[in-house]
Amino acid sequence: MANTKPATADANFLRDALHKARLAEAAYRDAMVDLTDAQALRLQLLKDDLVPAASSVPAVEGLVDLALIPGLSPRLWIDPVSSVVMEPDPRTYRFIQDTAHGREIMLETADRAAMAERIKTHIAHRIVARERQLAGSATGNERPRGYSIGTLILAWVSGFSVGILTLFLGGFLLSRFGG
C-alpha cells in the first residue's frame, strides 16, 4: 500500500503540471493571435492612409499593389518588391525593398504618418522612373534604319565585279598553266 500512494501522488502531480502547461500554451497562443491581429490592424491603418493618395493618381494603377497579406507576420505589399512589416517589435513599421543584393531597409519608424510619407515618396519615384522608361521606349519604337538602296546597289555591283574578275582570272590561269 505504501507504494500506491507515491504513484498516485506522481500521477496527480504530472496531471496538474500537464494542465498548467496546456493553460500556459493556450495563453501564449492567444497572446500571439492578439499580437498578430494588432500588427495586421496597424498595417491596415497604414494602408487606409495610402489608398486615397494611390487612387488619386492614374499613373499608379498597375504599379502599386497595396495588398495586406495576413499570417504569422502580416505584410503590406506596396509593389512587387517593396513591403511593410511590423518589426523588430509590434509597434515599429519597417519598410523593406527586395533588391538583387538582398533586403534593404528603406525606413524603420513607429510613426505611421512618417511611414506613409516615405511610401508616398517611394511611389512618386517609381512613377517618375516608369515615365522615364516609357519615354525612352517611345523613342526606341522607331523602326531601325536598314540599308539604303544606294548601299545595296553598291554591294551588289561590288559582288558582281569581284565575281567577274575572279572568273577572268581563273580562266586566264587555266589557259596559261592548264593546257
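See the structure above.
These numbers were taken from a predicted model, which means no experiment stands behind them. Per chain, residue numbering runs from 1 following the sequence as it is written. With pLDDT at 70 or above as the cut-off, local features in this predicted model cover only qualifying residues; side-chain atom pairs require 80 or more to be listed or tallied, and sums for whole chains, interfaces and linings still use all residues. Computation of side-chain values covers all heavy atoms of the structure but excludes hydrogens and water.

J.: Give me the overall build of the chain: which residues, what numbers.
T.: If you tally the helices and strands in the chain, you get 3 helices and 5 strands. Scanning the chain from its N terminus toward the C terminus, one meets helices and strands in the order α-β-β-β-β-β-α-α. Buried positions account for 19% of the 179 residues belonging to the chain. Put simply, of all contacts in the chain between residues at least 6 apart along the chain, 41% involve residues at least 24 apart. Values of accessible area rely on a 1.4 Å probe in the Shrake-Rupley scheme; residue burial ignores everything except the protein chains shown. Accessible surface, the chain as shown: approximately 13,200 Å² in total, 63% of it carbon and sulfur. In DSSP terms, a helix is any run of H or I states spanning at least four residues, a strand is any run of E spanning at least two, and both are numbered starting from the N terminus. Burial classes: relative accessible area under 20% of the type maximum marks a residue as buried, over 50% as exposed, and values in between as partly exposed (1.4 Å probe, protein chains only). Residue contacts are defined here by distance: any two heavy atoms, one from each residue, within 4.5 Å place the two residues in contact.

J.: Please give an account of the pattern of salt bridges that cites residues and values.
T.: We define a salt bridge as a side-chain nitrogen of Lys or Arg found within 4 Å of a carboxyl oxygen belonging to Asp or Glu. Throughout the structure, instances matching the rule amount to 6 salt bridges. One salt bridge in this structure joins Asp 49 and Arg 112, with 2.7 Å as the shortest N-O distance. Taken together, the positions of Asp 49 in helix 1 (residues 4-56) and Arg 112 in helix 2 (residues 112-139) put the pair 63 residues apart, joining distant regions of the chain. The residue Arg 94 makes a salt bridge to Glu 108 at a minimum N-O spacing of 2.5 Å. Note that Arg 94 is positioned in strand 4 (residues 93-99) and Glu 108 in strand 5 (residues 102-109), a separation of 14 residues in sequence. Look at the salt bridges and you will find they share partners, linking Glu 87, Arg 94 and Glu 108 into a network.

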